[in-house]
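Examining the three-dimensional arrangement
As a plain string of letters, each chain reads:
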Amino acid sequence: MSTTVDWSELQPELIEAIGKKLRVHKDYVRFRAVCSNWRRSTTKTPKHLPCQLPWLMLPQSSNQNRQSHLRSFFSLSDNKIHRLSLPEASNIRRRCGSSHGWLVILEETPAVFLINPLTRVKHHLPPLSSFPNVTKFNFFDVGREYTLKTSDGDVYTCNLKEMRDSFIKKVVFSSSPSDEDSDYFALAILNQTGDLAYCKKGDSLWKFIDNAQSYCEDVVYHKGCFYAVSKYGTIAVCDISGPLPDVSFIPTPPQVGGDMQYLVSLEDELLLVTRYLELGFDVDQHQLDIFYKTTEFRVCKLVLNGPIWEIVSKLDEWALFVGENSSMAFRASDFQGCKGNRIYFTDDYSEWNYDGANGDHDLGVYDLEDGSVVALPCYPRKFYNGRRWPPPIWITPSLH
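The following paragraphs examine the structure supplied in this document. Just so it is clear, the model here is predicted, and its values are computed rather than measured.

What to know about the overall build of the protein chain
Of regular secondary structure, the protein chain possesses four helices and 28 strands. Contacts in the protein chain between residues far apart in sequence, at least 24 positions, make up 50% of those at least 6 positions apart.

Right, dumping it as structure tokens:
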């Protein structure tokens, strides 16, 4: 005698317990989509899910409608491209970083907001007009809406587009902005001055970290502090939890050179990743293309009881993701489509990424063992027939 089971009538406590056993975002979404009872019995923002392997947010192709609200994201885990409705990331706006699954977006107004591409939840950060070096903002002073003051006391103006495109390099967070029960900090790297500015959840303005100017290559949140690195590899440790920032310094690793520096938090360790570029020339159809190409990465590890630096010759099962995103490390064995001892990189030297420029974006996968660089499967050579603005960026898919 067979018994028919109505799975939609499972007890809410049992459904919730099963949901908490799931570890992959898409499995959790499909689980909640089974029926209304399963959806009611599980939380919409599952904080138990581990950080997922990043997606690569792709630029719009040249044959795509430039006003389209759809944006493409390539998933390494399943080797598929997912298209999401994201009008907030249209080409009239600029994103300046991704952190904890959120994109930071600027537009031709003082507004600075962040959005989660999956949940579509949006929050606002203090506006561009609230930075300490912005002394005046007048929307009706067309072409010179912002008045700024340098550290030397010189005054100059910027228009709306210039502030959108070049004022901020990258914004990173201390934790996910979706957590309503706890505070978070946002830290912005300013492009032209090299200043670091921060704000706390709920603040109405940005504040400078006065003793950390020029530590503007990259920033990562690690063990309760923001670690910032200079062009020469020196580290500034910025504790902004008190009434005033407390800054200490870690000396440069020996023989650090290279063209770009990244900081990556790997469990309890801090990695300094140095990127080496070479200038290239390509003549195609009687047109000269000048481009940069990544040739090498080198990695050092900070031993905090020194503090001293150790050269890292291999990452074992770990994979690093660097670029305009907040730099990340993942254990490759936990995910399909990811290989250990690799550095997955995108280009984030903005002066070479203007829209329509010839050549390809400088992105790919670097093998730390043999020094080879291979293309990402979603981005073969000449895929876009020229660089598109903005360039690709890594972002971790998150439901909270």
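A closer look at the environment of Ala186
Residue position: Ala186 is located in strand E12 (residues 185-190). Sequence-wise, Ala186 and Leu125 are 61 residues apart; in three dimensions their C-alpha atoms are separated by 8.4 Å. When residues no more than four places from it in sequence are discounted, the contact partners of Ala186 are Leu125, Val171, Val172, Phe173, Ala197, Tyr198, Cys199 and Trp206.

Comments concerning the packing of aromatic side chains
As enumerated under the stated definition, the model contains 15 aromatic pairs in all. Relative to Phe140, the ring of Phe139 has its centre 6.0 Å away and its plane inclined at 90 degrees; by these criteria the two rings are edge-to-face. A relative accessible area of 45% places Phe139 in the partly exposed class. Ring plane angle 90 degrees and centroid distance 4.9 Å describe the contact between Phe321 and Trp394, whose orientation is recorded as edge-to-face. With Phe321 in strand E23 (residues 318-322) and Trp394 in strand E28 (residues 393-395), the pair connects residues that are 73 residues apart, well separated along the chain. Just as Phe321 is buried, Trp394 falls in that class too. Ring pairing ties together the aromatic residues Phe321, Phe330, Phe335, Tyr344 and Trp394, which thus form one cluster. Taking the ring centre of Phe113 as reference, the NZ or CZ of Lys122 above it sits at 4.8 Å.

Examining the sheet that holds strand E24 (residues 328-331)
Strand order in the open sheet made by the five strands is E24-E23-E25-E26-E27, with mixed pairing throughout. Taken across any chain shown, the strands that pair with only one partner, and hence form the sheet edges, are E24 and strand E27 (373-374). The pairing of strand E25 (residues 342-345) with strand E26 (residues 364-367) spans four bridges and is classified as antiparallel. Pairing of Tyr344 across the sheet is with Val365, part of E26.

Some details on the pairing of strand E17 (residues 235-239)
For E17, the tally of buried residues reaches four of five residues, placing the bulk of the element in the interior. Direction of pairing for strand E16 (residues 225-229) relative to E17: antiparallel, over a ladder of four bridges. The residue of E17 that forms the bridge with Ala228 is Ala236. Where E16 folds back on E17, the antiparallel hairpin that results is connected by five residues, among which Gly233 adopts a positive phi of roughly 90 degrees. Pairing between E17 and strand E18 (residues 246-250): five bridges, direction antiparallel. In the sheet register, Asp239 faces E18, and the bridge partner there is Asp246. Counted along the chain from E17 to the antiparallel partner E18, the turn is six residues long.

Brief notes about the environment of Asn325
Following the sequence through the fold, Asn325 ends up in the loop between E23 and E24. Classification of Asn325 as buried rests on a relative accessible area of 0%. Considering only alpha carbons, one finds Asn325 and Asp348, 23 residues apart in sequence, at a separation of 9.0 Å. Sequence-distant contacts of Asn325, that is, excluding residues within four places in its chain, are made with Ser98, Lys170, Ile393 and Trp394. Looking at Asn325, its side chain comes within polar contact range of the main-chain nitrogen of Gly323, at 3.2 Å.

Details of unusual backbone geometry
Positioned with a positive phi, Ser214 is a non-glycine residue whose angle comes to about 80 degrees. Turning to its location among the elements, Ser214 is positioned in the loop between strand E14 (207-208) and strand E15 (218-222). We note that Glu267 has phi near 55 degrees; this positive angle belongs to a residue other than glycine.

Structural notes on the nonpolar core
One finds Leu125, Leu128, Phe131, Phe167, Ile168, Val171 and Phe173 to be the most contacted residues of the largest nonpolar core, which totals 27 residues. Sorting the residues of this core by element identifies strand E5 (102-106), strand E6 (112-115), strand E9 (146-149), helix H4 (160-166), strand E11 (168-173), E12 and strand E13 (196-200) as the ones contributing at least two each. Setting aside residues no more than four positions away along its own chain, Phe131 makes contact with Phe167, Ile168, Ala188, Leu190, Ala197, Trp206 and Phe208. Membership of the second largest hydrophobic core comes to 20 residues, among which are Val264, Leu315, Tyr366 and Leu368.

Parameters at a glance
- Sequence order as written defines residue numbering, which begins from 1 separately in each chain.
- For this predicted model, a pLDDT threshold of at least 70 governs which residues receive local features, and a threshold of 80 or more governs which side-chain atom pairs are given and counted, while totals over whole chains, interfaces and linings are taken from all residues.
- By convention in this description, side-chain values take in all heavy atoms of the structure and omit both hydrogens and water.
- Labels follow the DSSP assignment, with helices taken as runs of H or I lasting at least four residues and strands as runs of E lasting at least two, numbered in each case from the N terminus.
- Note on contacts: a residue pair qualifies if any of its non-hydrogen atoms lie within 4.5 Å across the two residues.
- The pairing test for Phe, Tyr and Trp rings, Trp by its six-membered ring, is centres within 6.5 Å, and the orientation test on the planes gives stacked under 30 degrees, edge-to-face over 60, and tilted for anything in between.
- Three exposure classes are used, based on accessible area relative to the maximum for each residue type with a 1.4 Å probe and protein chains only: buried under 20%, partly exposed in between, and exposed over 50%.
- Criterion for a charge above a ring: Lys NZ or Arg CZ within 6 Å of the ring centre, and within 35 degrees of the ring normal.
- Whether two strands pair depends on DSSP finding at least two bridges between them.
- Whenever two N or O atoms come within 3.5 Å, that pair is a polar contact, provided that in protein one can donate a hydrogen and the other can accept it, and provided that, for residues adjacent in sequence, both atoms are side-chain atoms.
- To form a nonpolar core, buried Ala, Val, Leu, Ile, Met, Phe, Trp, Tyr and Cys residues must be joined to one another through side-chain atoms within 4.5 Å.

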